[in-house]
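Here is what each chain is made of, one letter per residue.
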Amino acid sequence: MSGGHDGFGGIGERFGRLPLRARLTLLTAAAVAVAVAVSALACWLLTRTQLRDEVDNSLQNVTVPPAYLQYTYDNCRPTDPTENENAPPSYYNVQVVQVDGSRCVGPNSQPVRVQAADLAVAQGLRRDTLHDATTGTGADVRVLTKHMDVQGVQFAVSISRPLSEISSALNTLALLLAAVAGLGVVGAGTAGLVIARSGLKPVDRLTEAVEHVARTEDLTIRIPADGEDEIARLSRSFNSMTAALAASRDLQQQLIADAGHELRTPLTSLRTNIDLLVRSEQSGREIPAADKAALLASVKAQMGELAALIGDLQELSRPPAPGQSAIEVVALHDIVAAALDRARLRGPSLAFTADLGPWYVRAEPAGLERAVVNLLDNAVKFSPPGGSVQVRLAAGELTVRDHGPGIPQDELPHVFERFWRSPSARSLPGSGLGLSIVARTAEQAGGDVRLRAAAGGGTEALLTLPGAATPPPEMPGPATSSAS
């Protein structure tokens, strides 16, 4: 048994290694072969039944002359008797079956083996019977046996007809059906090959495109996608995937180029200042204390700027947590309150007013807090000394308003681009990534962020996040925060 199982397994494994086109052709040919074989068998069986019914009807319609029966009975011979002028047509065999099972074969008839059913009819237990039998020479015949009662003498008359004519016709039909089935299978295989070649052309194009991308890393290739079938949908999905990969690669290259450009300035300045300090130590020429303090302060500021830039780059390039395991329901008003405490330390000369209504959102707490801090830092950076910053949270909309110089209308579409900085703000500290981080965080939380010119001057940042004013059942009750 294991050998047979392994054999079928080996066949299945070899079939699985065939090209898809060959498998489709073989499966089509096999399906047609099974269908043709079943149809041919059904046709053969129906024809056989019809022919046998015709033989049975002919036996029912045969009338044996009484003189022939009388001659057969009077000259009873169990084997082939002599010819007689009262004999029926030669393709019928007639014999008399007596109650003891003996037989009397009619002239020009072949003796047929007596069966139990024939004996039962002769004994009067049955009126008639119809069955298959064989002659003394082994030829197949169809037999109809009828009960007879003549002047108190009971016997049976068996009339039989050879089945050779039926067998010949059925054999011819079987050969014909086999030939038709063979032609059908060959035609099905050819049609399957043509259909497979035609149907798999889009798959071939897709395969060639994938191999081209893998070989050349060229993501600009596109596959024609006509229609609404599965292949067209797959082609469109592949085109969307390559377009997304190309856009991602372009963004990655742009990010690397922009990061290199942004890092070059602080690194150059940092290296210049350090070179001055090193040459001073090597030459023994002391730098004035005030200049040295300024150099060290500049080095510290540039290191802080580099650290901030690297931190922003890490935050912006950090992928979402697998399975969104870090996403949870958080109180946005609490996060804004904590961010306000940090903003007050960075802008001690500014006046902060806050009106925070309760709002609960699904987000990553650390990322959301960093986004709010970036909005507040942006307001602190552009606010004049002694100015004020208004913060308001109501119905899921966080508004941060400063009284700085504002952003020109033509620059508003660019404020969320990576490393973009307004010409008027290039002298201010910052990496140009803060608002990009805010935009990404808002998008991940299902919200959005935008800037607009505030009435009376300054800029107003609006961060909108979906959520609810009441916490879910597993969280503690809401606590409205208000600070000024």
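The residue numbers shown here count from 1 along each chain, following its written sequence. pLDDT decides what is reported in this predicted model: residues at 70 or higher carry local features, side-chain atom pairs at 80 or more are listed and counted, and totals for whole chains, interfaces and linings draw on all residues regardless. To obtain the side-chain values, all non-hydrogen atoms of the structure were used and water was disregarded.

Visitor: Now, about the packing of aromatic side chains: what can you tell me, with residues and values included?
Guide: Stacked, edge-to-face and tilted labels apply to pairs of Phe, Tyr and Trp rings (six-membered ring for Trp) whose centres lie within 6.5 Å, assigned for plane angles under 30 degrees, over 60, and everything in between, in that order. Counting across every chain of the model gives one aromatic pair. Considering the side-chain rings of Tyr73 and Phe155, the 5.9 Å spacing of their centres and the 35° angle between planes classify their relative orientation as tilted. Taken together, the positions of Tyr73 in helix α3 (residues 66–74) and Phe155 in strand β5 (residues 153–162) put the pair 82 residues apart, joining distant regions of the chain. Numbering goes from the N terminus for both helices and strands, where a helix is a DSSP run of H or I of at least four residues and a strand is a run of E of at least two.

Visitor: Would you mind going over the pattern of salt bridges in detail, with residue names and values included?
Guide: Every case where a carboxyl oxygen of Asp or Glu lies within 4 Å of a side-chain nitrogen of Lys or Arg is listed as a salt bridge. Tallying each qualifying case throughout the model produces eight salt bridges. Ionic pairing is found between Arg344 and Asp341, a salt bridge with its closest N-O pair at 3.4 Å. Of this pair, Arg344 and Asp341 both sit in helix α9 (residues 332–346), separated by three residues, roughly a single helical turn. In this scheme, a residue with accessible area under 20% of its type's maximum is buried, one over 50% is exposed, and one in between is partly exposed, where area comes from a 1.4 Å probe on protein chains only. Residue classification places Asp341 among the partly exposed residues on the basis of a relative accessible area of 45%. Residues Glu369 and Arg342 are paired through a salt bridge, measuring 3.6 Å at the closest nitrogen-oxygen approach. Pair noted here: Glu369 is in helix α10 (residues 365–382) and Arg342 is in helix α9, with a separation of 27 residues, a long-range link.

Visitor: Please provide a residue-by-residue account of the sheet that holds strand β1 (residues 93–98), values included.
Guide: Spatially, the five strands line up as an open sheet ordered β2-β1-β5-β4-β3, and their pairing is antiparallel. Edge positions in the open sheet fall to β2 (103–105) and β3 (128–134), since each of these has one partner strand only. Strand-to-strand twist across the sheet, computed as the mean angle between neighbouring axes with direction ignored, equals 25°. Pairing between β3 and strand β4 (residues 140–150): seven bridges, direction antiparallel. Within β4, the position partnered with Thr134 by the bridge is Asp140. In this fold α3 packs onto β1, β2, β4 and β5, with an angle of close to 55° to the strand it touches most, β1. Paired strands are those between which DSSP finds at least two bridges. Axis definition: a line fit to C-alpha positions, over the contact stretch in the case of helices; interaxial angles, taken between N-to-C directions, run 0 to 180 degrees. Contact criterion: two residues are considered in contact whenever any of their non-hydrogen atoms come within 4.5 Å of each other.

Visitor: Would you mind going over α3 in detail, with residue names and values included?
Guide: Owing to its 3.6 residues per turn, the α-helix brings residues three or four apart onto one side. When we look at burial in α3, the residues that qualify are Tyr68, Leu69 and Thr72. All buried residues of α3 project into a common sector of 100° when viewed along the axis, lining one side. Set apart from the buried face of α3 by more than 90 degrees, the exposed residues are Pro66 and Asp74. Elements in contact with the buried residues of α3: β1, β2, β4 and β5. To obtain the arc, one takes the directions from the helix axis to the C-beta atoms.

Visitor: Describe the side chain of Thr135, naming the residues involved and giving the relevant values.
Guide: Along the chain, the position of Thr135 falls in the loop between β3 and β4. At a separation of 3.0 Å, a polar atom in the side chain of Thr135 contacts the side chain of Thr137. Among all residues touching Thr135, those that are not within four sequence positions of it are Asn93, Gln110, Pro111, Val112, Arg113 and Val141. Pairs of N or O atoms within 3.5 Å make up the polar contacts considered here, provided that, within protein, one atom can donate a hydrogen while the other can accept it, and that residues adjacent in sequence are counted only when both atoms are side-chain atoms.

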